[in-house]
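Below, each chain spelled out in residue letters.
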Amino acid sequence: QVQLVESGGGLVQPGGSLRLSCAASGSTFSINDMGWYRQAPGKERELVASKTDGAMAQYADSVKGRFTISRDNAENTVYLQMNSLKSEDTAVYYCSVYSYYGRRYWGKGTLVTVSS
């Protein structure tokens, strides 16, 4: 089992920045991929960014050039640096990890609101 706790969400004005953090605990040795998803009101959950060890990060087209995902394996933490935020980035952001055993784990989510 892997437990995930997100932090860093909040209210930010358009053009602003936020940094999300997600700390993993439990069976962290089993983690392969770490990433961020988001779900806006009335929409399906979508992948924002993910990072597998030894591979390049993947990003949704809508966030390329604005968001950066990074991992600190020593701390079992994944970050999402979000710059140039837009109103359409408003959503609940979920941390997710995928284990080598084929199981996906989810955090409870953190709300990001981009509004003036």
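Residues numbered from 1 in each chain as written. Predicted model: local features only at pLDDT ≥ 70, side-chain atom pairs only at ≥ 80, totals over all residues. Heavy atoms only, no water.

This paragraph deals with the overall build of the protein chain. Secondary structure summary: the protein chain contains 0 helices and 11 strands in total. Reading the helices (α) and strands (β) of the protein chain from amino to carboxyl end gives β-β-β-β-β-β-β-β-β-β-β. Over its C-alpha trace the protein chain gives a radius of gyration of 13 Å, about what one expects of a compact globule, namely 13 Å for 116 residues. With the C-alpha coordinates aligned to their principal axes, the bounding extent of the protein chain is approximately 40 × 25 × 25 Å. Each of the 116 residues in the protein chain was classed as buried or not, and the buried ones make up 41%. The long-range fraction of contacts in the protein chain, counting pairs at least 24 apart against all pairs at least 6 apart in sequence, stands at 54%. Accessible surface, the protein chain: about 6,200 Å² in total, of which carbon and sulfur atoms supply 48%. The distance from the centre of the 12 positive side-chain charges to the centre of the 10 negative ones in the protein chain is 2 Å. (Helix = DSSP H or I, 4+ residues; strand = E, 2+ residues; numbered from the N terminus. Rg over C-alpha atoms; globule rule 2.2 N^0.38 Å. Buried < 20%, exposed > 50% of the residue type's maximum accessible area, 1.4 Å probe, protein only. Contact = heavy atoms within 4.5 Å. Areas by Shrake-Rupley, 256 points an atom, 1.4 Å probe, with all protein chains shown as cover. Lys, Arg positive; Asp, Glu negative; His and termini not counted. Charge placed at Lys NZ, Arg CZ, Asp CG, Glu CD.)

A word on the side chain of Arg66. Looking at where Arg66 falls in the secondary structure, it is placed in the loop between β6 (58–59) and β7 (67–72). There is a polar contact of 2.9 Å between the side chain of Arg66 and the backbone oxygen of Ser84. When sequence neighbours within four positions are dropped, the list of residues in contact with Arg66 reads Gln81, Met82, Asn83, Ser84, Leu85, Lys86 and Asp89. (Polar contact = N/O pair within 3.5 Å; in protein donor to acceptor, adjacent residues only side chain to side chain.)

Bringing the packing of aromatic side chains into the picture now. Under the counting rule described, the total for this entry stands at 2 aromatic pairs. For the ring pair Tyr37 and Trp106, a centre distance of 4.9 Å and an interplane angle of 65° mean the geometry is edge-to-face. Here Trp106 lies in strand β10 (residues 104–106) and Tyr37 lies in strand β4 (residues 31–39), a separation of 69 residues in the sequence. By relative accessible area, which is 17% here, Tyr37 ends up buried. Residue classification places Trp106 among the partly exposed residues on the basis of a relative accessible area of 36%. Relative to Trp106, the ring of Tyr94 lies with its centre 6.5 Å away and its plane at 85°, an arrangement referred to as edge-to-face. (Phe/Tyr/Trp six-rings, centres within 6.5 Å; stacked < 30°, edge-to-face > 60°.)

When a strand is regular, its side chains alternate between the sheet's two faces. Pairing of strand β1 (residues 2–7) with strand β3 (residues 18–26) involves 6 bridges; the strand directions are antiparallel. Bridge pairing in β3 links Leu4 to Ala24. The pairing of β3 with strand β8 (residues 77–82) spans 6 bridges and is antiparallel. Directly across from Arg19, in β8, lies its bridge partner Gln81. (Pairing = 2+ DSSP bridges.)

Attention now moves to the sheet that holds β1. If you trace the 4 strands from one edge of the open sheet to the other, you get β1-β3-β8-β7, paired in antiparallel fashion. For this open sheet the edge positions go to β1 and β7, each flanked by a neighbour on one side alone. Each neighbouring strand pair of the sheet contributes to a mean axis angle of 15°, computed without reference to strand direction. (Axes fitted to C-alpha atoms, helices over the stretch in contact; angles between N-to-C directions.)

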